[in-house]
Amino acid sequence: MNIELFPCSGGMAEGFRRAGITFDLAFDWDADACASYAANLGHKPVQMDVRDLVRMAAAGWSPGPIQLLVADPPCTPWSKAGKRRGLADERDMLVATCELVRHLRPSAFLIGNVPGLDEAPGLKALRATIGALARFGYCIDFARLDAANFGVPQHRIRPFWFGHQDGACITWPAATHGPPIDDRQLSVAGAEPLRPWVTCREALQ
């Protein structure tokens, strides 16, 4: 059983689908997001507030053993473009996400957000939420990835936390693209040279 929280229009789910992983259940409260997800992925998420899902789980609800839980909680409370009120922001769902992990105990979880949560103003909240899941037996790996380094014509940087109960730590994907002139390509013996970042002009052509 794989579960996705806050899937929006299904971009994360499509990436997992291409990697051979599908989600049995998805939850999002926004009607437009659910409709877009259904149009893109072929099935509709359950439309409900994840905080209600937490209350259900606290009362004993479980869909069965969960292999993977993926969450992309709202980034607004942490974004540099906003007021960065963090856990004090009523839109924050990081606490609810971590509570759900604590109740359902998936074998592994992946939480993504925006740069900000992993920086100084958010570190205290990070330790109190995702970091605290280590007390429940999770080893938590972290990486900050830029979509441009994987062939996307956009610098879209996202921090990710992968928690797992068993097995070795995750191997994060190696970059396939980089700056047009990158000395690292010459200094790493035996490494595949990085292809230049894809420009918007190239993508549109």
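Nothing here was measured: the structure is a model prediction, and the numbers come from that model.

Chemist: I would appreciate a short explanation of the pattern of salt bridges in the present structure.
Modeler: Close approach of charged atoms lets side chains of opposite charge pair. Under the definition given, this model contains five salt bridges. Across the salt bridge formed by arginine 18 and glutamate 14, the nearest N and O atoms sit 2.9 Å from each other. Of this pair, arginine 18 and glutamate 14 both sit in helix H1 (residues 11-18), four residues apart, which is roughly one turn of that helix. The residue aspartate 52 makes a salt bridge to arginine 55 at a minimum N-O spacing of 2.4 Å.

Chemist: What should I look at first to understand the packing of aromatic side chains in this one?
Modeler: For any pair of aromatic rings, geometry is given as the distance between the ring centres together with the angle between the planes. Scanning the entire structure with this criterion turns up three aromatic pairs. Each ring, one from phenylalanine 16 and one from phenylalanine 23, has its centre 5.4 Å from the other, and the planes form 75°; the classification is edge-to-face. Residue classification places phenylalanine 23 among the buried positions, given a relative accessible area of 8%.

Chemist: What should I look at first to understand helix H5 (residues 120-128) in this one?
Modeler: Since there are 3.6 residues in each turn of an α-helix, residues three or four apart along the chain are aligned in direction. Along H5, the residues that are buried comprise Gly122, Ala125 and Leu126. End-on, the buried residues of H5 take up no more than an arc of 105°, which puts them together on one face. Along H5, the residues that are exposed and aim more than 90 degrees away from the buried face are Ala120, Lys124, Arg127 and Ala128.

Chemist: I tried to follow the sheet that holds strand S2 (residues 25-27) on my own but got confused; where do I start?
Modeler: With mixed pairing, six strands are arranged side by side in an open sheet as S2-S1-S3-S4-S6-S5. On the outer flanks of this sheet lie S2 and strand S5 (139-146), each paired with one strand and no other. This sheet shows a mean twist of 15° between the axes of neighbouring strands, independent of strand direction. Bridging between strand S1 (residues 2-5) and strand S3 (residues 68-71) involves four bridges; their strand directions are parallel. For isoleucine 3, the partnering residue across the bridge sits in S3 and is leucine 69. The sheet contacts of helix H4 (residues 94-104) involve S1, S3 and strand S4 (108-112), and relative to S4 the element is tilted by about 175°.

Reading the values: the criteria
- Throughout this description, residue numbers start from 1 for each chain and increase along the sequence as written.
- At least 70 in pLDDT is required for a residue's local features to be given in this predicted model, at least 80 for side-chain atom pairs to be given and counted, and no such filter applies to totals for whole chains, interfaces and linings, which use all residues.
- Heavy atoms from the whole structure form the basis of all side-chain values; hydrogens and water molecules are not counted.
- Should a side-chain nitrogen of Lys or Arg be within 4 Å of a carboxyl oxygen of Asp or Glu, the pair is scored as a salt bridge.
- Only DSSP runs of H or I covering at least 4 residues are called helices, and only runs of E covering at least 2 are called strands; the numbering of each starts at the N terminus.
- Here a pair means two rings of Phe, Tyr or Trp (six-membered ring of Trp) with centres within 6.5 Å. Their orientation is stacked below 30 degrees between planes, edge-to-face above 60, and tilted elsewhere.
- Think of it in three bands: with a 1.4 Å probe and only protein chains considered, a residue is buried below 20% of the maximum accessible area for its type, exposed above 50%, and partly exposed in between.
- Here the arc refers to the set of directions running from the helix axis out to each C-beta atom.
- The criterion for strand pairing is that DSSP finds at least two bridges linking the strands in question.
- Fitting a line to C-alpha atoms yields each axis, with helices limited to the stretch in contact; the angle taken between N-to-C directions then spans 0 to 180 degrees.
- What makes two residues a contact is simply this: any of their non-hydrogen atoms within 4.5 Å.

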